[in-house]
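Secondary and tertiary structure notes
Here is what each chain is made of, one letter per residue.
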Amino acid sequence: FYPGETLLLSPSLLVVPAVLLLDGTGASSWPYPIPNDPGVVGIRIYSQALGLGTGVYDTSRAIEARICP
């Protein structure tokens, strides 16, 4: 890790490691359909990226999203 890097997610909770391609600005997206179901309202989703380079690791800031009605 770079100095000051922190992995905020538990490695035991990782669900789907994915490889995402970046555009020219360094951005990427991963569409995820959310069902139209009242039972999912209020669920929190956490995410963080981990980049692997030549002998180094880099982490993003973590994201917390909550599904709203």
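Since the model is a prediction, treat every value here as computed from it, not as a measurement. (Residues numbered from 1 in each chain as written. Predicted model: local features only at pLDDT ≥ 70, side-chain atom pairs only at ≥ 80, totals over all residues. Heavy atoms only, no water.)

Turning to the overall build of the protein, a few remarks are in order. Within the protein, the secondary structure is distributed over 0 helices and 4 strands. Mapped from its N terminus to its C terminus, the protein presents α and β elements in the order β-β-β-β. A total of 69 residues make up the protein; the buried ones form 6% of that total. A sequence separation of at least 24 residues applies to 42% of the contacts in the protein between residues at least 6 apart. (Helix = DSSP H or I, 4+ residues; strand = E, 2+ residues; numbered from the N terminus. Buried < 20%, exposed > 50% of the residue type's maximum accessible area, 1.4 Å probe, protein only. Contact = heavy atoms within 4.5 Å.)

A pair can form between side chains of opposite charge whenever their charged atoms are brought close. On inspection of all chains with the given rule, the structure shows 1 salt bridge. Notably, a salt bridge pairs R44 with E64, separated by 2.8 Å at the nearest N-O pair. Residue R44 is found in strand 1 (residues 44-47), and its partner E64 is found in strand 4 (residues 63-66); the two are separated by 20 residues along the sequence. (Salt bridge = Lys/Arg side-chain N within 4 Å of Asp/Glu carboxyl O.)

On the surface, L50, L52 and Y57 cluster together to form a nonpolar patch covering roughly 330 Å² of accessible area. Inspection of the secondary structure assignment puts Y57 in strand 3 (residues 57-59). (Patch = residues over 30% accessible without salt bridge, like charges linked within 9 Å, V, L, I, M, F, W, Y side chains within 5 Å. Areas by Shrake-Rupley, 256 points an atom, 1.4 Å probe, with all protein chains shown as cover.)

By the element assignment, R66 lies in strand 4. Along the backbone, R66 and I45 are 21 residues apart, and their C-alpha atoms lie at a distance of 6.2 Å. R66 has contacts with G42, I43 and R44, leaving out every residue within four places of it along the chain.

Our focus in this paragraph is the confidence of the model for the protein. Reading fine detail from the predicted coordinates is not recommended where pLDDT is low. With 74% of its residues at a pLDDT of 70 or more, the protein has an overall mean of 76. Considering each helix and strand of the protein separately, the mean pLDDT is smallest for strand 2 (residues 50-52), with a value of 72, and largest for strand 4, with 84. (pLDDT = per-residue confidence, 0-100.)

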